[in-house]
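Results of the structural survey
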Amino acid sequence: MHIFSKGSAFDCAVTIAIGAVLASVTLWQKPTLLEGAVTTGMLFTLQFVVGNLRKRVPGVTRLVDTRRPLLMDGTEVLCDNLRRANVTEADLRAKLREANVTRWSQVRAIVMELTGDVSVLHAPPDAPPIDKSLLAGGGTGPDRESG
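Residues numbered from 1 in each chain as written. Predicted model: local features only at pLDDT ≥ 70, side-chain atom pairs only at ≥ 80, totals over all residues. Heavy atoms only, no water.

Taking 1.5 Å of rise per residue, the 24 residues of helix 2 (residues 33-56) would be expected to cover 34 Å, and the 35 Å separating its terminal C-alpha atoms lies within 8% of that figure. Within the sequence span of helix 2, burial applies to Gly-36, Thr-40, Leu-43, Gln-47, Val-50, Gly-51 and Asn-52. (Helix = DSSP H or I, 4+ residues; strand = E, 2+ residues; numbered from the N terminus. Expected span 1.5 Å × (residues − 1). Buried < 20%, exposed > 50% of the residue type's maximum accessible area, 1.4 Å probe, protein only.)

Rendered as structure tokens:
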């Protein structure tokens, strides 16, 4: 089920809330098993409703999800965004190695995804520039956050 897979910050919050409800039900007599089941059902319903609203209503995603910071724009490391995403430059270099990047000039962009994954977009230095629409809004604004 989607709620227990990698997801948005909202999905994570719902998962933690479900864990808290289940822990309360199993460790104490209050709340009762029935109250815990009802609460868990309500959390699943909330997650389902918000998930569908995210697909159908523009703007809901911005309200519910965290922003996707651009960590690198070409060869420029965006240090402020690294700090906001709690990513070190060592982490960044590790992600570049995982993506088989062998030269800084190959990097087109690095984005922290909603799931917490880091996407490395790279190409040979002589390749055309990246289509900015792939960043879903990245490269805009003073801190160049996408989303």
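The biggest cluster of nonpolar side chains holds 14 residues, and the ones touching the most others in it are Leu-71, Leu-96 and Ile-110. When residues of this core are traced back to their parent elements, those giving at least two are strand 1 (68-73), helix 5 (89-98), strand 3 (107-112) and strand 4 (118-122). Here this core gets three residues from one element, more than from any other, and that element is strand 3. Apart from residues no more than four positions distant in its own chain, Leu-71 is found in contact with Glu-76, Val-77, Leu-78, Asn-81, Leu-82, Ala-85, Val-87, Leu-92, Ile-110, Met-112 and Val-118. (Core = buried A, V, L, I, M, F, W, Y, C linked by side-chain atoms within 4.5 Å. Contact = heavy atoms within 4.5 Å.)

Bringing the pattern of salt bridges into the picture now. Here the structure, examined in full by the defined rule, presents four salt bridges. One salt bridge in this structure joins Asp-73 and Lys-132, with 3.1 Å as the shortest N-O distance. Placement of Asp-73 in strand 1 and of Lys-132 in the loop between strand 4 and strand 5 (145-146) is noted, with a sequence separation of 59 residues between them. Overall, Lys-132 belongs to the partly exposed group, its relative accessible area being 37%. (Salt bridge = Lys/Arg side-chain N within 4 Å of Asp/Glu carboxyl O.)

This next bit is on the confidence of the model for the chain. The predicted model of the chain has a mean per-residue pLDDT of 81, with 82% of residues at 70 or higher. Note on residues 1-5: pLDDT under 50 across the span, and 11 contacts to partners over four residues away in sequence or across chains. Segment residues 137-147: pLDDT under 50, and 31 contacts once partners within four positions in sequence are set aside and those in other chains are kept. (pLDDT = per-residue confidence, 0-100.)

Let us now look at unusual backbone geometry. Of note, Asn-86 is a non-glycine position whose phi angle comes to about 55 degrees, a positive value. Positive phi outside glycine occurs at Asn-100, with the angle close to 60 degrees. Its place among the elements puts Asn-100 in the loop between helix 5 and strand 3. Note on Asn-100: relative accessible area 61%, which makes it exposed.

Moving on, we get to a nonpolar patch on the surface. A cluster of nonpolar side chains, Phe-48, Val-49, Leu-53 and Val-57, forms an exposed patch at the surface whose accessible area comes to about 340 Å². Taking the relative accessible area as the measure of exposure, Leu-53 reaches 36% and is therefore partly exposed. (Patch = residues over 30% accessible without salt bridge, like charges linked within 9 Å, V, L, I, M, F, W, Y side chains within 5 Å. Areas by Shrake-Rupley, 256 points an atom, 1.4 Å probe, with all protein chains shown as cover.)

Quick look at the environment of Asp-11 now. Structurally, the position occupied by Asp-11 is in helix 1 (residues 9-27). Accessibility expressed as a relative area gives 2% for Asp-11, which makes it buried. The spacing of Asp-11 and Gly-51 is 40 residues in sequence and 8.9 Å in space, taken between C-alpha atoms.

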